[in-house]
Every structure is written in C-alpha cells, then in structure tokens.
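# Structural overview
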Amino acid sequence: MKTRRIMRGAMIALVIGSIVGVSGQAAERTISGNGTAWQQVETENVADRLPAELEIEGEQAQSQTENAQETEAVPEDMEAGDIEEMTQEELALYFGESVFIGDSVMIGLRNYSMNQEGDSCLSGAQFLAAVGYSSYNALQPVTGKHIHPLYKGKKCQVWDAVSDMGAKRVFISLGTNDIIMLGSEGAIERCRQVVDKILESCPGVEINCISVTYAAEGKEKGKLNNQSIAEYNGLLLQMAAQNGWGYLDLATPLSDGRGNLSNEICSDGFVHLKNSAYTVWEEELIRYANMRKERYDHDEQ
C-alpha cells in the first residue's frame, strides 16, 4: 500500500504489523490546576530512597526524544481530517475492554477517572497499579514485601490478572522505578520480559506501551534523570516497533519543551502529576484510540 507522510500533534506511534507511525513534536500547551490530597500521598514511594541528584542539560534529554520521533505513515487515501471520531459510548467500550498497568503515576490516572463521576471515558477501565511498582517487581514472587498491585483484594502477578479480567488490550506504563535501579537498557529488558509473560498468559491481547514522563527540571536523581528517561522512551518505541505493539508518547505533551516535566502540571516538584496533567492524558488516549480504530477500519476495507 502506498503511503504519504504527514505530521500530527502529540507523538502517537501506531505499530500495526510491520508499519510504524509516529507523529511529530507536540504543540506547546498551557496547563494549570492544583493537585489534590491523593496526589500528594502518592509521592511517598521509592523516590525517597534515591541517591544524590545528577544534573544534566535539558538539551541532551530533548535531543534523545527528537531522535526517536518520525512522521506518521498514513494510507494515501486517508486524509488527516477524515478520521471519524468515536462516540462516547464507543470510547467507553474501548477503554472498558482495557487494563492499565503502572506505578504511582498510573494510580493518579485511576484516581482521576474515578473522580470524574462517570463523565470520563476511562471510568470503566481496569487498573493494575501500585506505588513503587516496576517491571523488576512484577517479575518477583507474590510473597513477602515484594510490591505488586492488588486484584480482588490480593497481590497478583499482572499477567494472571489480565487473563482473569478477559481484557482485549493492555496499556503498560512502567520504567520510572526500573531506571532508578537498572538504567534505561536494563529497564527495557525487564519491561520486555513482563510483556512476554502477559502475551504468554493472554495470547492475542493487544499491547500498548506508554512512555515514561519526565522529571521536573533540576530534580533528577541518580540514574533517574531526563536523559535516561528519553533514552528509555526511545528504546521503548523501538521495542514496540519491532514487535508490532502500539506506542503512545505522553512525555512530550507534558513537557516544558526542553525535555523536562512542565512545572505547571507537576504536583511534588519531582515526577508526580496534578489533575490537569491527567486531563491531557485522557485527551491523548482518546486521540490514540481514534487513530487506531481508523487504521484498523481502513485496513479492513
């Protein structure tokens, strides 16, 4: 199929078969809003036990992200403005068939969706998330002090829970706590192992990888700095492309344009997010869902 290349807003990689699509640089956003009590509570995680801060230049982190970005391959007869948006009912079904796996930043999305009182298309989504969770922890036994999310009131291996849920698609956002311990390359290898176990337990489930969002400027600590986060996201994109998984970049639309987390949407001066950031998450997830549906519908014609 012949394709032509166009530029999108936020970087959304639609990896279907051997075709990889990634949008260009996100437009600048102005985001405001105050954090809530639960967001402040979620800051009590492994970050408190990190080594001394390691300063890096914002330009280095930004260049890593730009190296990973490409233009999106779109069928020649599919115009950018022709994408038919899903209805609220369709979006609710799409995300209701999805499970989101992640750490305390993902818990923020879960709480945001719950606080919308049914007005969010994510209100029916299922979540497997825990403070301090990581791919490394996911691969540990569900015993003792190992960190695992709860499912039906008990700690679980996420691949067993996804299978029991009968979810059609998984959105996985892990890496922050892995980078602290393992660096970007080690963190990617652990993430690959977790996804492999999910696919082994749930053959045919759709995998969607979500980028790690940046840290606030000057607040990087140890191996967790914005350069290593950008490197991790580049490796995550590459892994998704090689395996035919979806990839959604949320680091870019939540950045300050210089490779740092925007101060306006940071709740703790480090890596955690205010409600206003999760409004952007929801917008980007809806955009992502619409583009994936359009791609599938077009390929079936």
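Nothing here was measured: the structure is a model prediction, and the numbers come from that model. Residue numbers run consecutively from 1 along every chain, following the written order of its sequence. Local features in this predicted model are restricted to residues of pLDDT 70 or higher, and side-chain atom pairs are both shown and tallied only at a pLDDT of 80 or more, whereas totals for entire chains, interfaces and linings draw on every residue. Each side-chain value is derived from all of the structure's non-hydrogen atoms; neither hydrogens nor water enter the calculation.

## Considerations on the overall build of the protein chain
Definition in use: Labels follow the DSSP assignment, with helices taken as runs of H or I lasting at least four residues and strands as runs of E lasting at least two, numbered in each case from the N terminus. Three exposure classes are used, based on accessible area relative to the maximum for each residue type with a 1.4 Å probe and protein chains only: buried under 20%, partly exposed in between, and exposed over 50%. Contact between two residues is taken to exist if any of their heavy atoms lie within 4.5 Å; hydrogens are not considered.
The number of helices and strands found in the protein chain is 9 helices and 10 strands. Of all 301 residues assigned to the protein chain, the portion counted as buried reaches 56%. Look at the contacts in the protein chain between residues 6 or more apart in sequence, and 77% of them connect residues 24 or more apart.

## Overview of the pattern of salt bridges
Threshold: Just to be clear on terms, a salt bridge is a Lys or Arg side-chain nitrogen sitting within 4 Å of an Asp or Glu carboxyl oxygen.
The full count for this structure, using the stated rule, is 9 salt bridges. When the shortest N-O distance is used, the salt bridge between Glu-189 and Arg-192 registers 3.9 Å. With a gap of 3 residues between them, Glu-189 and Arg-192 both fall in helix H7 (residues 176–201), about one helical turn apart. A salt bridge links Arg-258 to Glu-217; the nearest nitrogen and oxygen atoms lie 2.9 Å apart. Note that Arg-258 is positioned in the loop between strand E10 (246–248) and helix H9 (275–300) and Glu-217 in the loop between strand E9 (206–210) and helix H8 (226–243), a separation of 41 residues in sequence. Accessibility expressed as a relative area gives 41% for Arg-258, which makes it partly exposed.

## As for the nonpolar core
We count it as follows: Nine residue types can take part in a nonpolar core, namely buried Ala, Val, Leu, Ile, Met, Phe, Trp, Tyr and Cys, and a core is a set of them joined through side-chain atoms within 4.5 Å.
Counting 77 residues, the largest nonpolar core has Phe-95, Phe-100, Ile-101, Leu-109 and Leu-128 as the members making the most contacts within it. When residues in this core are grouped by element, the largest group, 8 residues, is from H7. For Leu-128, the residues in contact, after removing those within four places along its chain, are Val-99, Phe-100, Ile-101, Gly-102, Pro-149, Leu-150, Tyr-151, Cys-156, Val-158, Ala-161, Val-162 and Met-165.

## Remarks on the environment of Lys-152
We apply this condition: Contacts described as polar in this section are N or O atom pairs within 3.5 Å, which, within protein, must combine one atom able to donate a hydrogen with one able to accept it, while residues neighboring in sequence count only if both atoms come from side chains.
Residue position: Lys-152 is located in the loop between strand E6 (150–151) and strand E7 (154–155). Here the side chain of Lys-152 touches Asp-164 through a polar contact of 3.0 Å, side chain to side chain.

## A short note on the packing of H7 against H8
Selection criterion: To define axes, lines are fitted to C-alpha atoms, for helices over the stretch in contact only, and angles between the resulting N-to-C directions are given on a 0 to 180 degree scale. The labels follow the angle: roughly parallel below 35 degrees, roughly antiparallel above 145, roughly perpendicular from 65 to 115, and oblique for the rest. Amino acids outside the nonpolar list (Ala, Val, Leu, Ile, Met, Phe, Trp, Tyr, Cys, Pro) and the charged list (Asp, Glu, Lys, Arg) are all regarded as polar, and Gly is one of them.
Two numbers describe how H7 lies on H8: the axes approach to 10 Å, and their chain directions differ by 5°. Taken together, the axes of H7 and H8 lie roughly parallel to each other. Judged by residue contacts, Ile-179, Ser-184, Glu-185, Ala-187, Ile-188, Cys-191 and Arg-192 of H7 engage Ser-228, Ile-229, Glu-231, Tyr-232, Leu-235, Leu-236, Met-239, Gln-242 and Asn-243 from H8. Split by residue class, the contact of H7 with H8 holds 9 nonpolar, 4 polar and 3 charged.

## Re empty space enclosed by the protein
Which entries qualify depends on this criterion: Grid spacing is 1 Å over the protein atoms alone, the probe is 1.4 Å, and a cavity is where that probe fits but cannot get out, while a pocket is an open set with protein on both sides within 12 Å along at least five of seven lines and lining residues have an atom within 4 Å of a point. Grid points are joined across faces, edges and corners, and a volume is the space filled by probe spheres set on the points.
Considering all chains together, one arrives at 4 cavities of 30 Å³ or more under this definition. Roughly 90 Å³ of volume is contained in the largest cavity. Residue lining of the largest cavity: Asp-103, Val-105, Ser-173, Leu-174, Thr-176, Ser-211, Val-212, Thr-213, Ile-229, Val-271 and Trp-281, and that is the complete set. Taken together, the residues of the lining of the largest cavity sort by class into 6 nonpolar, 4 polar and 1 charged.

## What to know about the pairing of strand E4 (residues 98–102)
What counts is decided by this rule: When the strands point away from the viewer and the connection leading from the first strand across the helix to the second strand turns clockwise, the crossover is called right-handed.
Across the 5 residues of E4, 5 count as buried, placing the element largely inside the fold. Going residue by residue along E4, you find Ser-98, Phe-100 and Gly-102 tucked away on one face and Val-99 and Ile-101 tucked away on the opposite face as well. Read from E4 through helix H4 (residues 104–115) to strand E5 (residues 126–129), the crossover connection turns out right-handed.

## Let's talk about the environment of Cys-202
By the element assignment, Cys-202 lies in the loop between H7 and E9. Between the alpha carbons of Cys-202 and Asp-160 there is a distance of 8.5 Å; along the sequence they are 42 residues apart. Not counting residues up to four positions away in its chain, the partners in contact with Cys-202 are Trp-159, Val-162 and Ser-163.

## Details of helix H6 (residues 158–165)
We count it as follows: To obtain the arc, one takes the directions from the helix axis to the C-beta atoms.
Buried residues of H6: Val-158, Trp-159, Ala-161, Val-162 and Met-165, and no others. Angularly, the buried residues of H6 cover 160° about the axis, an arc narrow enough to put them on a single face. Where H6 is buried, its residues meet E4, E5, helix H5 (135–138), E6, strand E8 (169–173) and H7. Backbone geometry just downstream of H6 places Gly-166 in the positive-phi region, at approximately 70°.

## Considerations on the packing of H6 against H7
For any two helices packed against each other, one specifies the crossing angle of their axes together with the interaxial distance. Counted only if it meets this: Handedness of a crossing is defined here by the sense of rotation of the near helix relative to the far one, left-handed for an anticlockwise turn of less than a right angle and right-handed for a clockwise turn.
Across the interface, H6 lies against H7 with an axial gap of 9 Å and an inter-helix angle of 35°. The chirality of how H6 crosses H7 is right-handed. For the pair H6 and H7, contact is made by Val-158, Trp-159, Asp-160 and Ser-163 and by Val-194, Lys-197, Ile-198 and Ser-201, respectively. Looking at the contact of H6 with H7 residue by residue, the classes come out as 4 nonpolar, 2 polar and 2 charged.

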